[in-house]
Amino acid sequence: MTGFTLTDLDRIIATRARSEDESSYTRKLMGKGPAKIAQKVGEEAVETAIAAVAGDARELTGEAADLLYHLLVLLKARDVPLADVMAELERRTAQTGLEEKASRQPD
């Protein structure tokens, strides 16, 4: 088991997003803006789903890592703190999934 957390990754992304390093992929993504980052999140989500259906655990692991990374970059680009997302997850898990879903306001 690793001690590496999403908070660790979020911190690394924040540092790299502010860097002047021209070779930083994170910096380049941030420079392209939220729309491009959101596109990458969508691509990675599809690749993750395909890997899951294919049943390849190693491929799914890699694609899930890509998806989480790109999602955290998107949150950073939109100034949504990971802590806010974690707080929402904590709030939602305080009840059963069906109870939580039923409590949401209809769109």
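Structural data are supplied above this passage.
Quick look at the structure, then. Note that the structure is a prediction, hence the values are computed from the model and not measured.

## A word on the overall build of the protein
Here comes step 1: Along its length, the protein carries 6 helices and 0 strands.
Here comes step 2: Sequence-ordered secondary structure for the protein, helices as α and strands as β, is α-α-α-α-α-α.
Here comes step 3: Dimensions of the protein, computed from the C-alpha atoms along their principal axes, are close to 45 × 35 × 35 Å.
Here comes step 4: Here the protein, with 107 residues, has 21% of them falling under the buried criterion.
Here comes step 5: Taking the contacts inside the protein whose residues are at least 6 apart along the sequence as the reference set, 53% of them involve residues at least 24 apart.
Here comes step 6: Positive and negative side-chain charges in the protein, numbering 15 and 19 respectively, have mean positions lying 4 Å apart.

## Looking at the nonpolar core
Here comes step 1: The biggest cluster of nonpolar side chains holds 11 residues, and these are Leu 9, Ile 13, Leu 29, Ile 37, Val 41, Tyr 69, Leu 72, Val 73, Leu 74, Leu 75 and Leu 82.
Here comes step 2: Take this core: its biggest share by element is 5 residues, from helix α4 (residues 57–77).
Here comes step 3: In this view, Leu 75 contacts Val 80 and Val 85; residues no more than four positions away in its chain are not counted.

## Things to note about a nonpolar patch on the surface
Here comes step 1: Together, Leu 6, Leu 68, Met 86 and Leu 89 make up a nonpolar patch on the protein surface, roughly 320 Å² of accessible area in all.
Here comes step 2: Structurally, Leu 68 can be placed in helix α4.
Here comes step 3: Accessibility expressed as a relative area gives 38% for Leu 68, which makes it partly exposed.

About the thresholds
- Residues numbered from 1 in each chain as written.
- Predicted model: local features only at pLDDT ≥ 70, side-chain atom pairs only at ≥ 80, totals over all residues.
- Heavy atoms only, no water.
- Helix = DSSP H or I, 4+ residues; strand = E, 2+ residues; numbered from the N terminus.
- Buried < 20%, exposed > 50% of the residue type's maximum accessible area, 1.4 Å probe, protein only.
- Contact = heavy atoms within 4.5 Å.
- Lys, Arg positive; Asp, Glu negative; His and termini not counted.
- Charge placed at Lys NZ, Arg CZ, Asp CG, Glu CD.
- Core = buried A, V, L, I, M, F, W, Y, C linked by side-chain atoms within 4.5 Å.
- Patch = residues over 30% accessible without salt bridge, like charges linked within 9 Å, V, L, I, M, F, W, Y side chains within 5 Å.
- Areas by Shrake-Rupley, 256 points an atom, 1.4 Å probe, with all protein chains shown as cover.
- Salt bridge = Lys/Arg side-chain N within 4 Å of Asp/Glu carboxyl O.

Limitation: the analysis is restricted to geometry and does not speak to function.
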